[in-house]
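If you want the building blocks of each chain, they are given just below.
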Amino acid sequence: MGIRHDISVASINRNEKSRYLLKEDVTDFIEQARHENSIPAMAVVVMDSERMLIADIQGERVVGSNSSATLDDYFHIGSCTKSVLAVMAGRLIEQAKLSWDTRFFDLYPDLKALSRNEYLTITLEDLLLCQAGIIPFTAGEEYSGLDATVSRSREDFIAYLIRQKPAAKRSRHGFKHLYSNASYTMAAAMLEQVTGLTWEELVQQTLSRDLQLPVIFGWPNKHHRNQPWGHAEIDGTLKALSPEHEYRLPDIIAPAGDLSLKPLDYASYVQLHLQGLMGKDNYLAAGTYQTIHYRQRGFSFGVVNASAWGERYSMLDGSAGTFYCATMLFPDSDFAFVVMTNSGTAPAVKGITWISKKIIKKYFKLWWMFWM
């Protein structure tokens, strides 16, 4: 199954529902957010379940350069990658090759003898919900105890994880929620075991082949120097990280957050979720999208959900510190938007939060909310 963007200058911004949110509004919002928060480049795509309504990008691929970012550039999506893993799992479940309650050690019986007893019953669902007690690996100091072999091999990494004391408290219903990148490495391993494919091959099969959404692994400028560079604050100054820079996500947690997509391609991926949440089958059955987004209140399968103003909504946020990708879906109003930047600094996050509020306020006519 492939996806067409169905986007052109003629089609953007013609949906009647977007009459309160115009292309010029988004352009102004981006300009203000960038300049007030030192964001090198920012892309925004607004959509409903059928069309891309507004798409705009401003700024530079590298701060201080004359190289303008375009909608054909790749941006790192960070932990939004987790939802891709959930989609791949959902596809396999629909094909009866797996289930949400498949136990990890049913697929990896040889590892059972290495594991602490507390982990013996954890399931795919537990791992995707971050309720498996697995060490988070969301901070740099967690890597200090790993030797070179464990740092390079996901299989050895998993063997290490299941020997460690659980990082979350356990109740009679199971482990408490604890956000964990390493949990998604284990979930990816379950998909690898039932398909015989690596996580990388599954991503290429799902995004590039089935959905026709080209994807690259890692930072965009590792793919090509002329792609956007990530930016971080170093010694109080915004710095661009060159392709040669040593900072990268460790391969052992790549399934939790190391993909890059073009803004319109990522928006098309989000649009699939919006369609599913509105009851339409596409790459997955509508019910599977409901499960991914709303299996559990608050944090589901790599997705945060909540409600406000009588609207349910879900969010996908991702950053590895040098890019940021923010996504909000409002299925009750057939509305979603994406904001992508090539900076992960605190000011960049502030700018993304500000522009998200402005888009919501304008779209839903919340003019009376003066604090937004």
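As shown above, the structure is provided for reference.
As the structure is a prediction and not an experimental result, all values here were calculated from the model.

The rules we used
Starting from 1, residues in each chain are numbered consecutively following that chain's sequence as written. This being a predicted model, a pLDDT of at least 70 is required before a residue's local features are given, and a value of 80 or more before pairs of side-chain atoms are given or counted; all residues contribute to the totals for chains, interfaces and linings. Just so you know, side-chain values use all the structure's heavy atoms and leave hydrogens and water out. Residue burial is assigned from relative accessible area. The probe radius is 1.4 Å, only protein chains are included, and a residue is buried under 20% of its type maximum, exposed over 50%, and partly exposed in between. Secondary structure is summarised from DSSP: a helix means a run of H or I of at least four residues, a strand means a run of E of at least two, and numbering begins at the N terminus for each. Should DSSP find at least two bridges between two strands, the strands are regarded as paired. Pairs of residues are marked as contacts when any of their non-hydrogen atoms sit within 4.5 Å. Polar contact is defined as a pair of N or O atoms within 3.5 Å, subject to the rule that within protein one atom must be able to donate a hydrogen and the other to accept it, and that residues adjacent in sequence are counted only when both atoms are side-chain atoms. An expected span of 1.5 Å times one less than the residue number is assigned to each helix. To obtain each axis, a line is fitted to C-alpha atoms, and for helices this fit is confined to the stretch in contact; angles are then taken between N-to-C directions over 0 to 180 degrees. Note that a disulfide, as used here, is simply two cysteine sulfur atoms within 2.5 Å.

Caption draft 1: Structural detail: the pairing of strand β12 (residues 324–330). Taken across its 7 residues, β12 has 7 buried, putting it largely inside the fold. Here β12 shows no split at all, with Tyr-324, Ala-326, Met-328 and Phe-330 on one side and Cys-325, Thr-327 and Leu-329 on the other all buried. Where strand β11 (residues 311–318) lies against β12, 5 bridges are found, and the strand directions are antiparallel. Its bridge partner being in β12, Ser-314 is matched across the sheet by Leu-329. In this antiparallel pair of consecutive strands, β11 and β12, the connection spans 5 residues, and Gly-321 shows a positive phi of 100°. By the bridge criterion, 7 bridges tie β12 to strand β13 (residues 335–341) in an arrangement that is antiparallel. Bridge pairing in β13 links Phe-330 to Phe-335. Turn length for the β12-β13 hairpin, with the two strands adjacent in sequence and antiparallel, is 4 residues, and the turn residue Asp-334 shows positive phi of about 55°.

Caption draft 2: Representation of helix α6 (residues 154–161) within the structure. Within α6, 6 of the 8 residues are buried, which leaves it mostly tucked inside the rest of the structure. In this structure, the buried side of α6 is in contact with α3 (104–107), α5 (148–152), α7 (181–195) and α8 (199–210). Where α6 begins, one side-chain oxygen reaches toward the backbone nitrogen of Glu-155, 3.3 Å away; that side chain belongs to Ser-153.

Caption draft 3: Main features of α7. The end-to-end C-alpha distance of α7, which contains 15 residues, comes to 22 Å, matching closely the 21 Å that a straight helix rising 1.5 Å per residue would cover. The element α7 is largely enclosed, with a buried count of 11 among its 15 residues. Taken residue by residue, α7 has Asn-181, Ala-182, Ser-183, Tyr-184, Thr-185, Met-186, Ala-187, Ala-188, Ala-189, Met-190 and Leu-191 as its buried positions. By the N-cap criterion, in which a side-chain oxygen at the helix start approaches the backbone nitrogen of a residue two or three places on, α7 is capped by Ser-180, the distance to Ala-182 being 3.4 Å. After α7 finishes, the residue Gly-196 shows a positive phi value of roughly 75°.

Caption draft 4: Region of interest: the sheet that holds β13. Overall, antiparallel pairing links the 6 strands, which are arranged β2-β1-β13-β12-β11-β10 in an open sheet. The open sheet has two edge strands, β2 (52–59) and β10 (304–308), and neither has a second partner. For this sheet the average axis-to-axis angle between neighbouring strands, irrespective of direction, equals 15°. Two elements, strand β1 (residues 41–47) and β2, share 7 bridges in a ladder whose sense is antiparallel.

Caption draft 5: Here's a closer look at the state of the cysteines. According to the stated counting rule, one finds 0 disulfides in the structure shown. The cysteine Cys-130 is free of any disulfide, with Cys-80 supplying the nearest cysteine sulfur at 14 Å. Lacking any disulfide linkage, Cys-325 is separated from the closest cysteine sulfur, that of Cys-80, by 3.8 Å.

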